[in-house]
Amino acid sequence: MNIRSLTRGDGVVIGAAVVLFIASFLDFSSYDCPQGVDCSRFDSPNAWDSLGLLMSVFLAGVIGAALLIVSRAMPGRKVVGLDLGQFGVALTVFALWTAFWTILDVNNAGAGLILGLLAALVLAAGAVAGPLVPALKAPLLSPSGPAQGVQGGQQPYGAQPGQGQGYGFPGGQQQAPYGAQPSQGYGYPGAPQQGQPAQADPAQAQQAQAQAQQPAQGGAAPAGDFTPFWFAVPVARPLYGEDGSPNPIAELAPGTWYLAVEQRGQSLIAQTQDGRRGVLQDTTGIQRG
């Protein structure tokens, strides 16, 4: 799984699960050593000495967090009729519920039980609020381009790229009209920089101008004019199979660049970083590289 697909809510869930696992090794209860008594040999039990407490609080929370993260990589997978993410949220809430009543039933709660309750509280809050709170839905890591990173501001899908930016690739040259022969291609040494137009042959310039006017006079450009480009989504969006299956095959996460390889009406055929291809039906607000 690409770490750039994780959100801040996922980071809260992972951090709380790590703290919860560490708390399972700490003392379950505390005690006051009477004066004059050697208590150095007294071994206070921890959660691993109580199988019921270990499974219902500590490991239940850790397993719930793992299911939440796995659901990001495999959207649509279900366990006993529930989505993996929903099942994980249920386990985190159950761990918090059990920890709360357990600490009320213990006279002298130890560091392990207190820290476990706090970690279970943060874990359940992150699992429930992660998909709802905009601050937690933001990418955990800032997005970067597939090769050189983002250069300049991002533009919504469908907007014309500015001077000095490629049609689909970050930092590229401005796209030439369909059929035109640019004087210097993308990626070649000496390509025109921003504010420095290239010197083109007058005959080629007239030919490019005439061909650029043809799509405007004849309606929409043919499908063959589509050029692949990199893009990112503002929020997590499902990617459906090209066979029209209603179940998503992957989830596009914010903060990760994907390659659009084809356009079908208002939808895009997108390719993930692991090579899977599918249909992105909702293209509103996506940002081109």
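Residues numbered from 1 in each chain as written. Predicted model: local features only at pLDDT ≥ 70, side-chain atom pairs only at ≥ 80, totals over all residues. Heavy atoms only, no water.

## Observations concerning the overall build of the protein
Regarding its fold elements, the protein presents six helices and ten strands. In the protein, once contacts between residues fewer than 6 apart in sequence are set aside, the share between residues at least 24 apart is 60%. Surface exposure of the protein reaches about 16,500 Å², of which carbon and sulfur atoms provide 57%. (Helix = DSSP H or I, 4+ residues; strand = E, 2+ residues; numbered from the N terminus. Contact = heavy atoms within 4.5 Å. Areas by Shrake-Rupley, 256 points an atom, 1.4 Å probe, with all protein chains shown as cover.)

## Comments concerning helix 4 (residues 111–129)
Between its terminal C-alpha atoms helix 4 stretches 27 Å, which fits the 27 Å expected from 19 residues at 1.5 Å a residue. Where helix 4 is concerned, the buried positions are Gly-112, Leu-113, Gly-116, Leu-117, Ala-119, Ala-120, Leu-123, Ala-124, Gly-126 and Ala-127. Among the structural elements, helix 1 (8–23), helix 2 (51–73) and helix 3 (84–105) are those in contact with the buried residues of helix 4. (Expected span 1.5 Å × (residues − 1). Buried < 20%, exposed > 50% of the residue type's maximum accessible area, 1.4 Å probe, protein only.)

## Considerations on the packing of aromatic side chains
Here the distance between the centres and the angle between the planes together describe a pair of aromatic rings. The tally for this structure, following the rule as stated, stands at eight aromatic pairs. With a centroid separation of 6.4 Å and an interplanar angle of 90°, the aromatic rings of Phe-21 and Trp-48 are classed as edge-to-face. Of this pair, Phe-21 sits in helix 1 while Trp-48 sits in the loop between helix 1 and helix 2, and the two are 27 residues apart along the sequence. Exposure remark for Phe-21: the relative accessible area of 35% places this residue in the partly exposed category. The side chain of Arg-288 reaches across the aromatic face of Phe-229, ending 6.0 Å from its centre. (Phe/Tyr/Trp six-rings, centres within 6.5 Å; stacked < 30°, edge-to-face > 60°. Lys NZ or Arg CZ within 6 Å of the ring centre and 35° of its normal.)

## Details of the environment of Lys-137
With respect to the helices and strands, Lys-137 occurs in helix 5 (residues 134–137). C-alpha of Lys-137 to C-alpha of Val-235: the two residues are 98 residues apart in sequence and 7.6 Å apart in space. Excluding residues within four positions of it along the chain, Lys-137 makes contact with Thr-7, Gly-130, Pro-131, Leu-132 and Pro-254.

## Some words on the side chain of Thr-98
With respect to the element layout, Thr-98 can be found in helix 3. Take Thr-98: its relative accessible area is 15%, and that puts it in the buried class. Setting aside chain neighbours within four positions, we find Thr-98 in contact with Ser-56 and Val-57.

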